[in-house]
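Chain and residue survey
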Amino acid sequence: MELSRTYQIAELLGEPEVNGDIRRDWGSLEASYGKGLPDDYKWFVSAYGSGCVNDQLYFFHPRAVIGDQGLRIESLWEQAAYSYGELVRSSPELYPCPIYPEKSGCIPVARSVSGNYVLLMPPGSESKEWRVVVDMGSWVILDVNFTDFLYTALRGKLFVPVIEGDPFERIGEIEP
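Within each chain, residues carry numbers counting from 1 in the order of the written sequence. With the structure being a predicted model, the display of local features is reserved for residues of pLDDT at least 70 and the display and counting of side-chain atom pairs for 80 or more, all residues being used for whole-chain, interface and lining totals. Side-chain numbers come from the whole structure's heavy atoms, not from hydrogens or water.

Describing the overall build of the chain
- Check the secondary structure of the chain and you find five helices and seven strands.
- Of all 176 residues assigned to the chain, the portion counted as buried reaches 47%.
- Should any heavy atoms of two residues lie within 4.5 Å, those residues are counted as being in contact. Counting contacts in the chain only where the partners sit at least 6 residues apart, residues at least 24 apart contribute 56% of the total.
- For the chain, the accessible area works out to roughly 9200 Å², and carbon and sulfur atoms hold 48% of it. Helix numbering and strand numbering both begin at the N terminus, where a helix is a DSSP run of H or I of at least 4 residues and a strand a DSSP run of E of at least 2. Between buried and exposed lies partly exposed: a residue is buried under 20% and exposed over 50% of the maximum accessible area for its type, with that area taken using a 1.4 Å probe on protein chains only. Using a 1.4 Å probe, accessible areas were evaluated by the Shrake-Rupley method; residue-level cover was limited to the displayed protein chains.

Here it is in structure tokens:
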């Protein structure tokens, strides 16, 4: 993770208010997932918590409060697996990548207010690094890590309109 990029995100969103413990936040989730997630992504979610950036893109946290308004990451994974499972059965040609819990499936990490997903694609034969996938009606595979994706989107420089307007975040609740 490029440290200067994390400072640049803090300049756009303000200083993190959650300052979570990555080991505590992600340990059991990664154990159930079966492998580690990218450090830059875990840093952002642990530092900023669950919430909504620009009232447009929801981020989920392993310790978010459970309930209708909660943004717990396992809920996102279940919703995406169900939704994509149904969609793939009817139109497999529109969905080029498997979704977790399928083997080597992309991991949903954010959802737009309109129901589109941002996912992380695990390293594989095409890339040795995690990449970002954006589903905005069609799939766009970006050859960038999570931090570069987020910074570019927050600055309005991403060719996929994921986040628009001046950056801000509304923070959700995290369990103690």
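So, unusual backbone geometry
- The omega torsion across Tyr-100 and Pro-101 is 25°, close enough to zero to call that bond cis.
- Despite not being glycine, Asn-54 has its phi angle at roughly 55°, a positive value.
- With respect to the helices, strands and loops of the structure, Asn-54 is situated in the loop between strand E1 (51–53) and strand E2 (57–59).
- Residues other than glycine seldom take positive phi values, yet Asp-55 does so here, at roughly 55°.

Overview of the confidence of the model for the chain
- Known as pLDDT, the predictor's confidence for each residue is given on a scale from 0 to 100. In this model, the chain carries an average pLDDT of 84, and 89% of its residues clear a pLDDT of 70 or more.
- Mean pLDDT across the elements of the chain ranges from a minimum in strand E7 (residues 169–171), with 62, to a maximum in strand E4 (residues 117–121), with 95.

Topic: the side chain of Asn-116
- If you trace the backbone, Asn-116 turns up in the loop between strand E3 (107–112) and E4.
- At 3.1 Å, the side chain of Asn-116 and the side chain of Ser-114 are in polar contact.
- Discounting residues that sit within four places of it in the chain, Asn-116 has contacts with Ala-110, Arg-111, Asp-135, Met-136 and Gly-137. Under this definition, polar contacts are N or O atom pairs within 3.5 Å; protein pairs additionally need one hydrogen-donor-capable and one acceptor-capable atom, and for neighbouring residues in sequence, both atoms have to be side-chain atoms.

So, helix H4 (residues 73–90)
- Residue count minus one, scaled by 1.5 Å, sets the expected span of a helix. Between its terminal C-alpha atoms H4 stretches 26 Å, which fits the 26 Å expected from 18 residues at 1.5 Å a residue.
- Inspection of H4 places Ile-73, Leu-76, Trp-77, Ala-80 and Tyr-84 among the buried residues, and these make up the whole buried set. For H4, the angular spread of the buried residues around the axis is 95°, confining them to a single face. For H4, the exposed residues lying more than 90 degrees away from the buried face are Glu-78, Tyr-82, Arg-89 and Ser-90.
- Buried-residue contacts for H4 involve helix H2 (22–33), helix H3 (39–48), E3, E4, strand E5 (131–135) and strand E6 (139–142). Starting at the helix axis, one direction is taken to each C-beta atom, and the arc is that of these directions.

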